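# Structure assessment
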Amino acid sequence: MQRAQQPHIVVVGAGAFGGWTALYLRRQGARVTLVDAWGPGNSRASSGGETRVIRATYGDRLVYTRMAARALALWKENEKRWQRQLYHGIGVLWLVESDEQYEKAALPILRSENVRIEELSGSDVSRRYPQINCDRVRWAIFEPDGGYLTARRACATVLEGFLAEGGEYRQLAVQPPAPSGGQLSNVLLTDGSRLTADRFVFACGPWLGSLFPDVIGDRVRATRQEVFFFGTPPGDQRFTESAMPVWADHGTAFMYGIPGNEWRGFKVADDTRGPVIDPTTESRVPSPEALKAARDYIAYRFPDLKGAPVLEARVCQYEESPDEHFIIDRHPAAENAWIVGGGSGHGFKHGPAVGELVARLVLSGAAAPPDAQFRLSRFAR
Ligand SMILES: Cc1cc2nc3c(=O)[nH]c(=O)nc-3n(C[C@H](O)[C@H](O)[C@H](O)COP(=O)(O)OP(=O)(O)OC[C@H]3O[C@@H](n4cnc5c(N)ncnc54)[C@H](O)[C@@H]3O)c2cc1C
């Protein structure tokens, strides 16, 4: 595309959604300026921190099983292009005790979408992974192509790739935009300058509600989520990625974790939504209640880690939509502005697939995304 014909697109937010969107817009020939207040995968962002799970098991939500499969292909393709490992395919193990609805609903979808899986009995799991207490595990799904992604490193790598392919990046905050006459012509930045563009994408994670109080407001709520990294016994490999996969555990709470990697600790997190916070001002000190819940959980599921010391902890936030579906749609008062977010605790893995989709929608002049569940109009019902 000739430079004069290139549309200029501003992408606000360099997290998992905005970074990949900027990259794919650039690859499809647009002139792209990516803007972020604190930087890709920063310590306040939902994409910050060390690792995220990648899995295709999604209960009955076919759209995300498909999207996860596309995203995995794109993660692999980009890793190869950049010669940088971001995806670690150590597998994901779904442990089923009493409530099996989620996993049962996922099975036919995983099969019809040709996702590789193994169905294991509780005793199979216990034989394979004696470090896991399987006393009450009735059965399990093992996804060999699942695993984890390095989170903040991936965001930084996407920015590097974007810059290398001719993108422009500015570290400034954008003020709440003010469309007029059905269009948005520019945004005001914190240095007092204005950035003019043909089209805009706002991928501001948990800040979307404050940027668009009328259109988004509390349809994206930032919920406090705490993550703990426990220390394993000296020289003991049983709790590292060399000996076990990522696991997901639907018990009384949905707990999950990632075994030790890069010589860091054994990660444990509770998927239960925490209190609503302000992602800008929240202090990131973990709470004694969440630590106790994590300790009680590992003592039950991984008895040899009972009493293990905490090596690190992180307080992050989900950017939660009411139905946990993503939001990918045009701003109702600005046909050249798109809003992308609502990752709701599961968005990271989908970053490249979301970026590819949004770039296609923005450049093709599509009226709305093909999937109705991503549209803003669903909230009006
Ligand atoms: C603890 C935790 C565990 C998770 N686990 C998983 C998992 O295992 N697997 C998975 O797939 N997903 C997981 N998620 C969810 C996933 O990480 C998020 O859905 C995803 O990272 C959201 O990306 P985003 O780009 O929408 O938001 P963000 O990463 O928050 O990016 C938004 C960016 O916008 C910038 N910004 C905001 N306002 C402005 C402004 N006014 N001007 C300029 N810039 C601005 C911010 O600085 C930020 O960098 C988890 C999330 C958390 C918190």
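First, a word on scope: everything that follows refers to the structure included in this document.

Reading guide: rules and limits
Numbering of residues starts from 1 in each chain and follows the order in which that chain's sequence is written. The model is predicted, so local features are restricted to residues of pLDDT at least 70 and side-chain atom pairs to those at 80 or more, both for listing and for counting; the totals for chains, interfaces and linings are taken over all residues. Here the side-chain values reflect all heavy atoms present in the structure, with hydrogen atoms and water set aside. Strands are runs of DSSP state E lasting at least two residues, helices are runs of H or I lasting at least four, and both sets are numbered from the N terminus onward. Residues adjacent in sequence count toward polar contacts only when both atoms are side-chain atoms; beyond that, a polar contact is any pair of N or O atoms within 3.5 Å, and within protein one must be able to donate a hydrogen and the other to accept it. Here a residue-residue contact requires only that any non-hydrogen atoms of the pair lie within 4.5 Å. Three labels apply to residues, based on accessible area from a 1.4 Å probe with only protein chains included: buried if under 20% of the type maximum, exposed if over 50%, partly exposed otherwise in between. A pair of strands counts as paired when DSSP detects no fewer than two bridges linking them. The handedness rule is simple: strands pointing away from the viewer, and a clockwise path from the first strand over the helix to the second, make the crossover right-handed. Working definition: a ring pair exists when centres of Phe, Tyr or Trp rings (six-membered ring for Trp) sit within 6.5 Å. Plane angles under 30 degrees give stacked, over 60 give edge-to-face, the rest tilted. Distance and angle both matter: a charge sits over a ring if NZ of Lys or CZ of Arg is within 6 Å of the ring centre and within 35 degrees of the ring normal. To estimate how far a helix should reach, multiply one less than its number of residues by 1.5 Å. What counts as an axis is a line fitted to C-alpha atoms, over the stretch in contact for a helix, and the angles between N-to-C directions run from 0 to 180 degrees. A single heavy atom is enough: if one lies within 4 Å of a molecule or strand, its residue is considered near that molecule or strand. Per-residue and other accessible areas were derived by the Shrake-Rupley procedure at a 1.4 Å probe size, with only the shown protein chains allowed to occlude residues. In what follows, salt bridge is the name for a side-chain nitrogen of Lys or Arg lying within 4 Å of a carboxyl oxygen of Asp or Glu. Put simply, a nonpolar core is a bunch of buried Ala, Val, Leu, Ile, Met, Phe, Trp, Tyr and Cys residues held in one set by side-chain atoms that sit within 4.5 Å of each other.

## Quick look at the side chain of Thr157
- Here Thr157 shows up in helix H5 (residues 151-164).
- Polar contacts involving the side chain of Thr157 include one to the side chain of Arg84, which spans 3.3 Å.
- The contact partners of Thr157, leaving out residues within four places of it in the chain, are Trp82, Arg84 and Leu86.

## What to know about the pairing of strand E1 (residues 8-12)
- Counting buried residues in E1 gives five out of five residues, a clear majority hidden from the surface.
- Residues His8, Val10 and Val12 line one face of E1 and the alternating positions Ile9 and Val11 line the opposite face, and both faces are buried.
- The pairing of E1 with strand E2 (residues 31-35) spans five bridges and is parallel. Across the sheet, residue Val11 finds its bridge partner in E2, namely Leu34.
- Note that the unit made of E1, helix H1 (residues 16-27) and E2 has a crossover that is right-handed.
- The pairing of E1 with strand E12 (residues 199-202) spans four bridges and is classified as parallel. Bridge pairing links Val12 to Phe202 in E12.

## Description of the packing of aromatic side chains
- Under the defined criterion, the tally for this structure stands at 22 aromatic pairs.
- When the centroid spacing of 6.4 Å and the interplanar angle of 40 degrees are considered together, the rings of Phe228 and Phe230 count as tilted.
- Phe228 gets classed as buried once you look at its relative accessible area, which sits at 3%.
- Here the aromatic rings of Trp247 and Phe266 are separated by 5.0 Å at their centres, their planes lie at 20 degrees, and the arrangement is stacked. Here Trp247 is found in strand E14 (residues 246-250), whereas its partner Phe266 is found in strand E16 (residues 266-270), with 19 residues between them in sequence.
- Classification of Trp247 as buried rests on a relative accessible area of 0%.
- Three or more aromatic residues link up through ring pairs in this structure, and these residues are Phe17, Tyr58, Tyr64, Phe326 and Phe374.
- Above the plane of the ring of Trp38 lies Arg44, whose end atom (NZ or CZ) is 4.4 Å from the centre.

## Overview of helix H2 (residues 62-82)
- Relative to the 30 Å expected for 21 residues at 1.5 Å per residue, H2 spans 30 Å between its end C-alpha atoms, a close match to the ideal helical length.
- Along H2, the residues classified as buried are Val63, Tyr64, Thr65, Met67, Ala68, Ala71, Leu72, Leu74, Trp75, Asn78, Glu79 and Trp82.
- Positioned one or two residues after H2, Gln83 has a phi angle of 55 degrees, which is positive.

## As for H1
- Relative to the 16 Å expected for 12 residues at 1.5 Å per residue, H1 spans 17 Å between its end C-alpha atoms, a close match to the ideal helical length.
- Most of H1 is tucked away, with 11 of its 12 residues classed as buried.
- Every buried residue belonging to H1 is among Ala16, Phe17, Gly18, Gly19, Trp20, Thr21, Ala22, Leu23, Tyr24, Leu25 and Arg26, and all of these are buried.
- Looking at the residues trailing H1, positive phi occurs at Gly29, about 100 degrees.

## Quick look at the sheet that holds E2
- Pairing is mixed across the open sheet formed by six strands, whose spatial order is E9-E2-E1-E12-E19-E18. For this open sheet the edge positions go to strand E9 (168-170) and strand E18 (327-331), each flanked by a neighbour on one side alone. Sheet twist, expressed as the average angle between the axes of neighbouring strands with direction ignored, equals 20 degrees.
- Pairing of E18 with strand E19 (residues 334-341), which is carried by five bridges, proceeds in the antiparallel orientation. Bridge assignment links His331 to a residue of E19, and that residue is Ala334.
- Along the sheet, H1 makes contact with E1, E2, E12 and E19, crossing E2 at roughly 165 degrees.

## A few points about the site of the ligand
- Every one of the 36 residues lining the ligand counts as a neighbour, but Asp36, Ser47, Val53, Cys316 and Glu319 are closest to it.
- Contact between the ligand and Ala16: an oxygen atom at 3.2 Å from a main-chain N or O atom of the residue.
- Here an oxygen atom of the ligand sits 3.1 Å away from a polar atom, N or O, in the main chain of Phe348.
- Contact with the protein chains hides 97% of the accessible area of the ligand, taken as 1,000 Å² for the molecule alone.

## Some points on the pattern of salt bridges
- Counting across every chain of the model gives 26 salt bridges.
- Glu100 is paired through a salt bridge with Arg138; the nearest N and O atoms lie 3.1 Å apart. Here Glu100 is found in the loop between strand E5 (92-96) and helix H3 (101-112), whereas its partner Arg138 is found in the loop between helix H4 (122-128) and strand E7 (139-143), with 38 residues between them in sequence.
- Classification of Glu100 by relative accessible area gives partly exposed; the value is 23%.
- For Arg138, a relative accessible area of 45% translates into the label partly exposed.
- A single salt-bridge network, built from bridges that share partners, covers Asp271, Arg273, Glu320 and Glu324.

## Digging into the nonpolar core
- Ranked by size, the top nonpolar core spans 48 residues in total, and within it Leu25, Trp75, Val201 and Ile328 carry the most contacts.
- Where this core is concerned, the elements lending two or more residues are E1, H1, E2, H2, H5, E19 and helix H8 (351-364).
- Counting residues per element, this core draws most heavily on H2, which supplies eight residues.
- When neighbours within four sequence positions are excluded, Trp75 is seen to be in contact with Trp20, Ile54, Leu86, Leu149, Ala154, Phe348, Lys349 and Pro352.
- Grouped together as the second largest cluster of nonpolar side chains are 26 residues, Leu189, Phe212, Ala334 and Ala337 included.

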